[in-house]
Amino acid sequence: MINSKKDTKPNLESNYDEMRARLLHWYDSEGRTLPWRIRPEDRAAGKNADPYAIWLSEIMLQQTTVAHGTPYWHKFLNEFPTVTDLANAERETVLSLWAGLGYYARARNLHKCAVIIRDDYNGQFPNSEAELLKLPGIGAYTAATMAAICFDEATNIVDGNVERVISRIFTIEEPLPKGRKDIRKMAGALASPQRTGDYGQALMDLGAMICTPRSPNCSKCVWQDYCSAFAAKTQLEYPKKAPKKSLPIRYGVVFIAIRGEAVLLETRPDNGLLGGMLGLPGTDWAEGGFPTDPMNHAPFKGDWQAVNGEVRHVFTHFDLRLAVYRAVFDEKDISIGHNGLWADSSQRKGLPTVFKKALKAI
DNA sequence: GAGCCGTGGTA
DNA sequence: TTACCAAGGCT
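Sequence order sets the numbering: in each chain, residues are counted from 1 along the sequence as written. Lettering for chains starts from A, numbering for ligands starts from 1, and both go in the order in which the items are written. With the structure being a predicted model, the display of local features is reserved for residues of pLDDT at least 70 and the display and counting of side-chain atom pairs for 80 or more, all residues being used for whole-chain, interface and lining totals. Hydrogens and water molecules were not included; the side-chain quantities draw on all heavy atoms of the structure.

**Brief notes about the pattern of salt bridges**
Under the convention used in this document: Here, a salt bridge means any Lys or Arg side-chain nitrogen found within 4 Å of an Asp or Glu carboxyl oxygen. Under the DSSP-based scheme used, a helix requires at least four consecutive residues in state H or I and a strand at least two consecutive residues in state E, with every element numbered from the N terminus. Only protein chains enter the calculation, and the probe is 1.4 Å; a residue is then buried if its accessible area is under 20% of its type maximum, exposed if over 50%, and partly exposed in between.
As enumerated under the stated definition, the model contains 13 salt bridges in all. In this structure, R195 engages D28 in a salt bridge whose closest nitrogen and oxygen atoms are separated by 2.7 Å. With a gap of 167 residues between them, R195 in the loop between helix 11 (180–190) and helix 12 (196–210) and D28 in helix 1 (residues 16–30) connect regions that are remote in the sequence. A relative accessible area of 34% means that D28 is categorised as partly exposed. A salt bridge links D205 to R37; the nearest nitrogen and oxygen atoms lie 2.8 Å apart. Of this pair, D205 sits in helix 12 while R37 is found in the loop between helix 1 and helix 2 (40–44), placing the two residues 168 residues apart along the sequence. Classification of D205 by relative accessible area gives buried; the value is 0%. Three or more residues joined by partner-sharing salt bridges are found here, namely E18, R22 and D225.

Encoded structure:
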């Protein structure tokens, strides 16, 4: 449902060229400086974006703030200067370096994709949106953005920022996620066929810096004249979203077995939550309260002592409360199974945040 | 297509 | 504290 109140809407289509020009001009003078980004003046001087560096940034910034992801981008580029270096690394090394960034399927797919680029693409990323889309971890957004930034393909870049801007400009009434269809259509009609990569990044910058979710700075917006939501003073109502369900609470127990400076960890199953990552041994995490028989889930018998308090951690689709037990062991011959590992402090850096919290609780 | 999949910052 | 949000992709 686009422009349901047709009589109150300006005729935007005749203004598209002016809108593109204003946005690109704003980007050239006030867009963000990001370490992987080639500024327009550099590109004019013949400098091209490195697809590997752009790919790394795009994967890392999926559902992740620039502030949180940027240190990881530097770390990965320093550790793995080329995509072949990344492919040649052990997967567990890659997952360990990813620890703390979240959405760990991204790290599994990152390494899988690097191997494909090394083995099937001669170490070079394919140069079209359609080919990029075939690679693991690269979806509609990332393929469109890489193709535009790296290969100047005229794609339709739509991320969360663009959704917000476009939904306000055109007052898209259909709530997300169904409203994405209309938003994509309008974004595609408006997208610039020239400087397509800069245009996409400019629109994302506009969303991140000006057309923000809670306090948009409309007085500084180069599209204010064309914004239906601004005209109606309804900016904060967009994008309209379907109501969210409250998070259920899951409960679990983890065991911290200590031997000298080492702590027992285990590698989690490859699929599902925190798949392939290191973790503490313990129970499943389920609704309905803490397990009534925690000792039955201990990795082995011992003098397990309950740690005061509980560890709380919020995941995307549930709220977790963990009870923590600890015990100290002297024996050198405790059987820890094939997934077990007596991990030193360096190895513990490869733990997802939820387990680092549990270790910090003792 | 709706549910699954992390974490840290902010109001 | 609670709720929402941030450069999505996969199944």
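**Section: the nonpolar core**
The cut-off we apply is this: Think of a nonpolar core as a cluster: buried Ala, Val, Leu, Ile, Met, Phe, Trp, Tyr and Cys residues, connected wherever their side-chain atoms sit within 4.5 Å. Note that the domain bounds reflect an automated or database-derived domain assignment.
Membership of the largest hydrophobic core comes to 63 residues, with the highest contact counts inside it found for W55, F76, W98, L110, F125, L280 and W285. Ranked by the residues each element gives to this core, the list is headed by helix 3 (residues 51–60), at 7 residues. Residue contributions to this core reach at least three from each of two domains, namely domain 1 (6–237) and domain 2 (249–360). Grouped together as the second largest cluster of nonpolar side chains are 37 residues, W26, Y27, I157 and A187 included.

**So, the UniProt feature "domain: HhH-GPD" (unreviewed entry) in chain A**
The condition is simple: UniProt positions are given in the numbering used here, feature names are shortened, and annotations may be inferred rather than shown by experiment.
Here, UniProt's "domain: HhH-GPD" (unreviewed entry) annotation points to residues 60–209. The straight-line gap between the two end C-alpha atoms of residues 60–209 is 20 Å; of that span, 64% is helix and 0% is strand.

**Examining the packing of helix 6 (residues 91–98) against helix 7 (residues 105–120)**
As a reminder, the rule being used: Note on method: axes are straight lines fitted to C-alpha atoms, helices fitted across the in-contact stretch only, with angles between N-to-C directions ranging 0 to 180 degrees. Comment on the angle field: the value is read as roughly parallel under 35 degrees, roughly antiparallel over 145, roughly perpendicular from 65 to 115, and oblique elsewhere. Two helices crossing with the near one rotated counterclockwise from the far one by less than a right angle form a left-handed crossing, whereas a clockwise rotation gives a right-handed crossing. Working rule for contacts: check all heavy atoms of both residues, and any pair within 4.5 Å makes them a contact. The classification used treats Ala, Val, Leu, Ile, Met, Phe, Trp, Tyr, Cys and Pro as nonpolar, Asp, Glu, Lys and Arg as charged, and all other residues, Gly among them, as polar.
In the contact formed by helix 6 and helix 7, the axes pass within 9 Å of each other and the chain directions differ by 140 degrees. With respect to helix 7, the axis of helix 6 lies oblique. In this structure, the crossing between helix 6 and helix 7 has a hand that is right-handed. From helix 6, R91, V94, L95 and W98 reach across to helix 7, where they touch R106, A107, R108, L110 and H111. Taken together, the residues of the contact of helix 6 with helix 7 break down into 5 nonpolar, 1 polar and 3 charged.

**A word on the pairing of strand 1 (residues 249–259)**
Our working definition: When DSSP finds at least two bridges between two strands, those strands are taken to pair.
The element strand 1 is largely enclosed, with a buried count of 8 among its 11 residues. Strand direction decides the pairing type here: strand 1 and strand 6 (residues 319–328), joined by 10 bridges, are parallel. Within strand 6, the position partnered with I249 by the bridge is D319. Relative to strand 2 (residues 262–267), strand 1 runs antiparallel, the two being bridged by 2 bridges. When the bridges of strand 2 are listed, R259 appears paired with A262. From the end of strand 1 to the start of strand 2, which pair antiparallel, there are 2 residues, and G260 there has a positive phi angle of about 65 degrees.

**Observations concerning the protein's contact with DNA strand B**
Operational definition: Here, proximity means that at least one heavy atom of the residue falls within 4 Å of the molecule or strand. Any N or O atom pair separated by 3.5 Å or less is treated as a polar contact, with the protein-specific requirement of one donor-capable and one acceptor-capable atom, and with residues adjacent in sequence counted only for side-chain atom pairs.
Near DNA strand B you find 21 residues, and of these Y104, L274, H313, T316 and H317 are the closest. Taking all atoms of DNA strand B within 4 Å of the protein, the share assigned to sugar and phosphate is 62%. Here a base nitrogen of DNA strand B sits 2.9 Å away from a polar atom, N or O, in the main chain of Q63. The side chain of T64 places a nitrogen or oxygen atom 3.1 Å from a base nitrogen of DNA strand B. Elements represented by at least two residues in the surface near DNA strand B include exactly strand 5 (311–314) and helix 15 (353–360). Each residue belonging to the surface near DNA strand B can be placed in one class, and the counts come to 9 nonpolar, 10 polar and 2 charged.

**As for the domain arrangement of chain A**
Counted only if it meets this: The buried area of a pairing is the accessible area, by a 1.4 Å probe, that goes missing from both parts when the two are put together, added over both.
Structurally, chain A comprises domain 1 (6–237) and domain 2 (249–360). Here the C-alpha centre of domain 2 lies 37 Å away from the C-alpha centre of domain 1. Counting residues at the interface gives 8 residues for domain 1, matched by 12 residues for domain 2. Summed over both partners, the interface of domain 1 with domain 2 comes to about 740 Å²; 50% of that surface belongs to carbon and sulfur atoms.

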